[in-house]
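Residues per chain, in single letters:
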Amino acid sequence: MREIPGGLPPQTFSIGALRWSLVFIFAMFGIAKFASYEAEGVAGIAMHYPLFAWMYPLIGVQGTSNVIGTVELATGALIALGAWSHRAGLLGGLMGMATFLVTLSFSFGVPLWQDGFGFPFMGSTAQFLFKDAVLLAACLALALHAGHALRTNGAALFGR
């Protein structure tokens, strides 16, 4: 049986890679929500989704997209702060999980498979949504990492 060489980076290296990749994704997608092309694209899916549908009559297509973008930017900021604060990292990871659970739930009730081919040939909506499964898992890993660190350090989740 062969041994793995001792020069492998520590597990914290992979947590850092997940963290900064997610920060990049949340920053880029969050910023894009402030552009009209992205607001229109999001409205095509979100306007009929109960979680967001009520916002469109109140604040319009761009206003709703701005709210979503602000939440995405806040999530990315908390995930970034998780490098120094486990509480912020836990909250950011949980917010990221909620984000990707919402986007994955869009897949219920929409056509996912390419016309004329069917399963397993994904249409554009499935291609857009299914990648969020791995992003959900990455946010779960960060939330668990922060939660374990808080427990190990004996810190209360809320409070001092």
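Just above sits the structure.
Computed from a predicted model, the values in this text were never measured in an experiment.

S.K.: Tell me what's going on with the overall build of the chain, and back it up with residues and numbers.
M.R.: Counting its secondary structure elements, the chain contains seven helices and zero strands. Its helices and strands in sequence order give the chain the pattern α-α-α-α-α-α-α, from N to C terminus. With respect to the three principal axes, the spread of C-alpha positions in the chain is 50 × 50 × 25 Å. Looking at the 160 residues of the chain, the share that counts as buried comes to 36%. Put simply, 65% of the contacts in the chain that link residues at least 6 apart link residues at least 24 apart. The chain carries 7 positive and 6 negative side-chain charges, and their two centres are separated by 19 Å.

S.K.: Now, about empty space enclosed by the protein: what can you tell me, with residues and values included?
M.R.: Overall, the coordinates contain one cavity of 30 Å³ or more when judged by the stated rule. Its boundaries defined by the atoms lining it, the largest cavity holds a volume of some 30 Å³. As for the largest cavity, its lining consists of R19, G82, H86, G89, L142, H145 and A146. Looking at the lining of the largest cavity, the elements that each hand over two or more residues are α5 (86-105) and α7 (132-152). With three residues, α7 is the single largest residue contributor to the lining of the largest cavity. Split into classes, the residues belonging to the lining of the largest cavity amount to two nonpolar, four polar and one charged.

S.K.: Which residues make up the nonpolar core, and what are the values?
M.R.: Membership of the largest hydrophobic core comes to 18 residues, with the highest contact counts inside it found for L22, F26, I79, F100 and C139. Those elements giving two or more residues to this core turn out to be α1 (11-32), α4 (55-81), α5 and α7. The leading source of residues in this core is α7, at eight residues. In this structure L22 touches I79, F100, L135, A138, C139 and L142, once residues within four positions along its chain are discounted.

S.K.: Quick one: what's the story with the pattern of salt bridges, residue by residue and with numbers?
M.R.: When the charged atoms of two side chains lie near each other, side chains of opposite charge can form a pair. Under the counting rule described, the total for this entry stands at three salt bridges. The salt bridge partner of E38 is K33, with a shortest N-O separation of 3.4 Å. On the basis of relative accessibility, which here comes to 18%, the residue E38 falls in the buried class. One salt bridge connects D132 with K131, and the closest N-O pair in it is separated by 3.0 Å. Assessed through its relative accessible area of 4%, D132 is described here as buried. One network of salt bridges, in which partners are shared, links K33, E38 and E72.

About the criteria used
- Residues numbered from 1 in each chain as written.
- Predicted model: local features only at pLDDT ≥ 70, side-chain atom pairs only at ≥ 80, totals over all residues.
- Heavy atoms only, no water.
- Helix = DSSP H or I, 4+ residues; strand = E, 2+ residues; numbered from the N terminus.
- Buried < 20%, exposed > 50% of the residue type's maximum accessible area, 1.4 Å probe, protein only.
- Contact = heavy atoms within 4.5 Å.
- Lys, Arg positive; Asp, Glu negative; His and termini not counted.
- Charge placed at Lys NZ, Arg CZ, Asp CG, Glu CD.
- 1 Å grid on protein atoms, 1.4 Å probe; cavity = no way out; pocket = protein on both sides within 12 Å on 5 of 7 lines; lining within 4 Å.
- Points joined across faces, edges and corners; volume = space filled by probe spheres on them.
- Nonpolar A, V, L, I, M, F, W, Y, C, P; charged D, E, K, R; others polar.
- Core = buried A, V, L, I, M, F, W, Y, C linked by side-chain atoms within 4.5 Å.
- Salt bridge = Lys/Arg side-chain N within 4 Å of Asp/Glu carboxyl O.

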